[in-house]
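Listed below, chain by chain, are the residues.
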Amino acid sequence: MAEATESESRKLLRRLRDALADDSAGQARLDRITSIIAESMETEVCSIYLFRDPDTLELCATEGLRAEAVHQTRMRLGEGLVGRVARLGRIINAADAPSERGFRYMPETGEEIYSSFLGVPIQRLGEKLGVLVVQSKIAREYSDDEIYALEVVAMVLAEMTELGAFTGEGAALSARHQHPVLIRGTIGQEGTAEGNVWLHEPRVVVTNPIAEDPDRETERLTAAVEKLRVTVDDMLDGAQTGDKDQREVLETYRMFAHSRGWLRRMCEDIGRGLSAEAAVEKEQSSARARLQKAPDAYMRERLSDLDDLSRRLLRILTGQGRETGAEMPPNPILVARSIGPGELLDYGRTLRGIVLEQGSVGSHAAIVARALAIPLVIHARGITTEALNGDHIVVDGEQGNVHLRPEDNIIAAFRDKIAMQAKAQERYADLRTLPATTLCGTNVALTMNAGLMADLPSLQGSGAEGVGLFRTELQFLARAAVPRRGDLAALYSRVLDAAEGKPVTFRTLDIGSDKVLPYMKRPDEPNPALGWRAIRVGLDRTGIMRMQLQALIRAANGRPLKVMFPFVAQLDEFHQARRHLLEEMEREDKLGRILPSSLEIGAMLETPSLAFAPRQFFEMADFISIGGNDLKQFFFAADRENERVRRRYDTLNVSFLTLIEMIVKRCDEVGTPLSFCGEDAGRPVEAICLSAMGIRSLSMRPASIGPVKHLLRRIDLGEARGVIDGSCRSGVQSVRADVMEWLGRSLTQG
Ligand code: PEP
Ligand code: MG
């Protein structure tokens, strides 16, 4: 075999490029490529195996093995040497393949006469596409240069596979990203949607893996790396020094970005004929293989940082950013690794569904999705690598499943399901004008949560008795600068108009934690959820809070006004916030403006401390609303955004219900109205239990009102309370099982 010198490898790449450039069909191209590689590397066999589906590899072209085996020989991921190369994502170089661990003889290929085996993975940005193999009769290990040459070729094949160069007529092989894929995730927001993929961060496409002019490519690469370094340094400078995780990631970025070895290896790849882009990808794949082998778990965890950094570099090189100029497809379904609430609001209601690779049910992005009533599936592993812009996709937010490029029978079943849901909604619509009165004659007021003007039509459609929580931060998050008082007043006024006299409870700005305003410098905090957020910001920076309060007073303009302050942790905070509002009332009065006809000032109870506040707090508040999302996270010390811990604690946990009971009692003692506006209010079983504990007002997303009302009207709260009390006494951790059992019995009897 010839030494794969630089010029040899460049010659090989040039021949490959010519083979790829002619317009023969995919299979013919693959066949030619295997013979070019075998010839130039002077081996008897060269074969290309590509993934048929995520678990199966198929022999797609060969020079040297039996032609009949092409498209017949298949192996599962991890099976045989080829399957192992694919699974491990690293090369296998064996002088005596049959004695190698994992070897599996494929009789139909006639490979028994070949002793040596070199297999390299065909992969792109961590995505496995196939395996490239050379074999020869004499027993010998392949040299480092030969391995390198084959890796470079595999890199080019990865790019071309990605671009669909090997599909089309004559090729029994179907292209990547064409098979149906089912991804099981977690429910973020119920609902179903059918549409087309819109990638939040489009895949970087490299169309020129082979380049002629190494000097020019080196220049392009050096300039891009320099730009990347500056960006990473800027990110580090701008980062919060206290946020350990963020700093750690950025430090790793910096380590990679400034690594001389990284740049040198990429320049060497260019020297061997790759374009700058292909060199980035090649080094990314090699580093991935190295890191995967690392005994240190910390280093292995850095893989995703490296992927991210390589993607950034590729974007700089190709100029393919988020703004690619591509048009959103009709019925867009957003696919992303993760997304912030502000970014989601930018898309607004144009989206039909959202699928995230990461994310959490308790995050504000999920709450925004809920506010927008957009079905959301989170933890959809691999979706961003599998999906392409425009792919047909079905989001089943009821099951937490995503069907990418679904087959016709799945689509049909799915459409049936949507039709059935529409029927159920019709049933709920019949209840719209009826009150949520239980069998024992108790009325529970059902109101809705809102945050956008566009939510208001649901007020009539859902039968909500008012807006129990209007999250005002959504307008602040969706803009590039602080909204003006006049604009806010106009918006709040339109909200009151649309409510047509039904009560609306405006919650003042609740920012901080994961709700980051793009125009406000993020404070330097190690734990934002426990940090400077909501009322704490309002009381320290009174300018914005007062401006918002003025806007609310002006919007009311002679109508009743209900304002509630979020995240109050102690009496004094409520006292101060209330004073600001009363002072603004005085000032507006002096300015001769029309004051609200009535003013109610409430507090959200979302920290356990407030449940134990002095009696004066409960007397001072005109109403109290339990923010169950936050209250639960602080009560159980379990981050609402961390799925691993969040799900450990049931809302129907005896301790939590005991806390609710105490809050109900403290409010009852002083006659202060109490409501519950966390997400749990919209879950029928939870809603029944909260009502049974004495809460008479529940605020939820509009789509939940029908199901909650339907169930409330069929049960007796006294009986429910009896079951809960009995369950609590029995020593269980959660009353859920007993309540479900009772519900099953009483609903079938009824
Ligand atoms: C809550 O914490 O329950 C709540 C309603 O507020 P948010 O979800 O906006 O923090
Ligand atoms: Mg809250």
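Above this text sits the structure in question.
Residues numbered from 1 in each chain as written. Chains lettered and ligands numbered in written order. Predicted model: local features only at pLDDT ≥ 70, side-chain atom pairs only at ≥ 80, totals over all residues. Heavy atoms only, no water.

Caption draft 1: Seen up close, the overall build of the chain. The number of helices and strands found in the chain is 29 helices and 22 strands. Taking all 750 residues of the chain together, the buried fraction comes to 55%. For the chain, the share of sequence-separated contacts (at least 6 apart) that also reach a separation of at least 24 residues comes to 67%. For the chain, the computed accessible surface area is about 31000 Å², with 49% contributed by carbon and sulfur atoms. Across the chain, the centroid of the 96 positively charged side chains sits 4 Å from that of the 108 negatively charged ones. (Helix = DSSP H or I, 4+ residues; strand = E, 2+ residues; numbered from the N terminus. Buried < 20%, exposed > 50% of the residue type's maximum accessible area, 1.4 Å probe, protein only. Contact = heavy atoms within 4.5 Å. Areas by Shrake-Rupley, 256 points an atom, 1.4 Å probe, with all protein chains shown as cover. Lys, Arg positive; Asp, Glu negative; His and termini not counted. Charge placed at Lys NZ, Arg CZ, Asp CG, Glu CD.)

Caption draft 2: Representation of the pairing of strand β19 (residues 599-605) in the model. Most of β19 is tucked away, with five of its seven residues classed as buried. Sheet topology places strand β18 (residues 561-565) next to β19; five bridges connect them, and they run parallel. Residue pairing across strands places F565 opposite A603, the latter belonging to β19. Of the crossover connections in this fold, the one passing from β18 over helix α20 (residues 571-590) to the parallel β19 is right-handed. Where β19 lies against strand β20 (residues 623-626), four bridges are found, and the strand directions are parallel. Of the residues in β20, the one forming a bridge with A603 is I624. (Pairing = 2+ DSSP bridges. Right-handed = clockwise from strand over helix to strand, strands pointing away.)

Caption draft 3: Summary view of the sheet that holds strand β3 (residues 74-76). Here six strands make up an open sheet; going across it, the order is β3-β2-β1-β6-β5-β4 and the pairing antiparallel. The sheet is open, and its two edges are formed by β3 and β4 (92-94), each paired on a single side. Going from strand to strand, the sheet's axes swing by 25° on average, the running direction of each strand aside. Bridge analysis of strand β2 (residues 56-63) against β3 gives three bridges, and the strand direction is antiparallel. Looking across to β3, one finds that T56 is bridged to R76. Set on the sheet, helix α2 (residues 26-41) makes contact with β1 (45-53), β2 and β6 (127-136); between it and β2 the angle comes to about 65°. (Axes fitted to C-alpha atoms, helices over the stretch in contact; angles between N-to-C directions.)

Caption draft 4: The arrangement of the coordination of the magnesium ion (ligand 2) in detail. In the first shell of the magnesium ion (ligand 2), the protein supplies E606 (OE) and D630 (OD), at 2.1 to 2.2 Å from the metal. Taken together, the residues span a long stretch of sequence, with E606 in the loop between β19 and α21 (608-611) and D630 in helix α23 (residues 628-635) at a distance of 24 residues. A relative accessible area of 2% means that E606 is categorised as buried. Relative accessible area serves as the criterion here: at 3%, D630 is assigned to the buried category. (Donors = N, O, S within 2.8 Å, 3.2 Å for Na, K, Ca; no water.)

Caption draft 5: The arrangement of the site of ligand 1 in detail. Around ligand 1 sit 16 residues, and of these R471, R507, G627, N629 and R640 come closest. One of the backbone N or O atoms of G628 is found 3.1 Å from an oxygen atom in ligand 1. Those elements giving two or more residues to the shell around ligand 1 turn out to be α12 (364-371), β16 (467-471) and α23. (Near = heavy atom within 4 Å. Polar contact = N/O pair within 3.5 Å; in protein donor to acceptor, adjacent residues only side chain to side chain.)

Caption draft 6: Layout of the pairing of strand β13 (residues 392-396). Most of β13 sits out of view: four of its five residues are buried. Note: strand β9 (residues 192-199) against β13, five bridges, orientation antiparallel. Directly across from A193, in β13, lies its bridge partner V395. Adjacent in sequence and paired antiparallel, β13 and strand β14 (residues 401-404) are bridged by four residues, among which G400 carries a positive phi angle near 80°.

Caption draft 7: Inspection of empty space enclosed by the protein at higher detail. Under the counting rule described, the total for this entry stands at six cavities of 30 Å³ or more. Looking at the largest cavity, it is lined by 14 residues, and the ones nearest its centre are G512, K515, V516, R522 and P523. Its residues assigned to classes, the lining of the largest cavity shows eight nonpolar, two polar and four charged. (1 Å grid on protein atoms, 1.4 Å probe; cavity = no way out; pocket = protein on both sides within 12 Å on 5 of 7 lines; lining within 4 Å. Points joined across faces, edges and corners; volume = space filled by probe spheres on them. Nonpolar A, V, L, I, M, F, W, Y, C, P; charged D, E, K, R; others polar.)

Caption draft 8: Here's a closer look at the environment of I270. With respect to the secondary-structure elements, I270 resides in helix α7 (residues 260-271). For the pair I270 and L221, spaced 49 residues apart in sequence, the C-alpha separation works out to 9.3 Å. Other than its neighbours up to four places away in sequence, I270 contacts P214, E217, T218, L221, S275, A276 and A279.

Caption draft 9: Expanded view of the nonpolar core. Core analysis: the biggest nonpolar cluster contains 117 residues, and F565 and L698 have the highest contact counts within it. In this structure L698 touches V444, A445, L446, T447, F676, A681, A687, L690 and S691, once residues within four positions along its chain are discounted. L16, L30, L150 and L157 belong to the second-largest nonpolar core, a separate cluster that totals 39 residues. (Core = buried A, V, L, I, M, F, W, Y, C linked by side-chain atoms within 4.5 Å.)

Caption draft 10: Here's a closer look at the packing of helix α17 (residues 485-499) against helix α19 (residues 542-556). The contact between α17 and α19 brings their axes to 8 Å, and the two run at 45°. The pairing of α17 with α19 is recorded here as oblique in orientation. The way α17 lies across α19 gives a crossing that is right-handed. On α19, the residues that touch R485, L488, A489, Y492, S493 and L496 of α17 are M547, Q548, Q550, A551, L552, R554, A555 and A556. (Parallel < 35°, antiparallel > 145°, perpendicular 65-115°, else oblique. Left-handed = near helix turned anticlockwise from the far one by under 90°.)

Caption draft 11: Region of interest: the pattern of salt bridges. Applying the stated criterion across every chain yields a total of 39 salt bridges. The partner of R220 in a salt bridge is E277, with the nearest N and O atoms 2.6 Å apart. Taken together, the positions of R220 in helix α5 (residues 214-238) and E277 in helix α8 (residues 276-293) put the pair 57 residues apart, joining distant regions of the chain. Note on E277: relative accessible area 3%, which makes it buried. With a closest N to O distance of 3.0 Å, R405 and E386 form a salt bridge. Of the two residues, R405 is situated in the loop between β14 and α14 (408-431) and E386 in helix α13 (residues 383-386); the sequence distance between them amounts to 19 residues. Like E386, R405 is buried. (Salt bridge = Lys/Arg side-chain N within 4 Å of Asp/Glu carboxyl O.)

Caption draft 12: Highlighting helix α25 (residues 654-670). For α25, with 17 residues, the first-to-last C-alpha span of 25 Å sits near the 24 Å given by 1.5 Å per residue. Those residues of α25 that fall on the buried side of the exposure criterion are V654, F656, L657, L659, I660, I663, V664, R666 and C667. Among the residues of α25, the N-terminal cap falls to N653, whose side-chain oxygen and the backbone nitrogen of S655 are separated by 2.7 Å. Backbone geometry just downstream of α25 places G671 in the positive-phi region, at approximately 70°. (Expected span 1.5 Å × (residues − 1).)

Caption draft 13: Just helix α28 (residues 717-729), in detail. Over its 13 residues, α28 extends 18 Å from the first C-alpha to the last, a length consistent with the 18 Å expected when each residue adds 1.5 Å. Residues of α28 that are buried include every one of L717, A720, R721, V723, I724 and S727, and no others. When α28 is viewed along its axis, its buried side chains cluster within an angular range of 160° and face the same direction. The backbone nitrogen of G718 lies 2.8 Å from a side-chain oxygen of the residue at the head of α28, namely D716. The first or second residue beyond α28 is G731, which carries a positive phi of 90°. (Arc of directions from axis to C-beta.)

Caption draft 14: Looking closely at the packing of aromatic side chains. On inspection of all chains with the given rule, the structure shows nine aromatic pairs. Between Y492 and F506, the aromatic rings sit 5.3 Å apart at their centres with planes inclined by 55°, giving tilted as the arrangement. Of this pair, Y492 sits in helix α17 while F506 sits in strand β17 (residues 504-507), and the two are 14 residues apart along the sequence. Relative to F656, the ring of F636 lies with its centre 6.1 Å away and its plane at 35°, an arrangement referred to as tilted. Note that F636 is positioned in the loop between α23 and α24 (643-646) and F656 in helix α25, a separation of 20 residues in sequence. Side by side, F636 and F656 carry an identical accessibility label, which is buried. (Phe/Tyr/Trp six-rings, centres within 6.5 Å; stacked < 30°, edge-to-face > 60°.)

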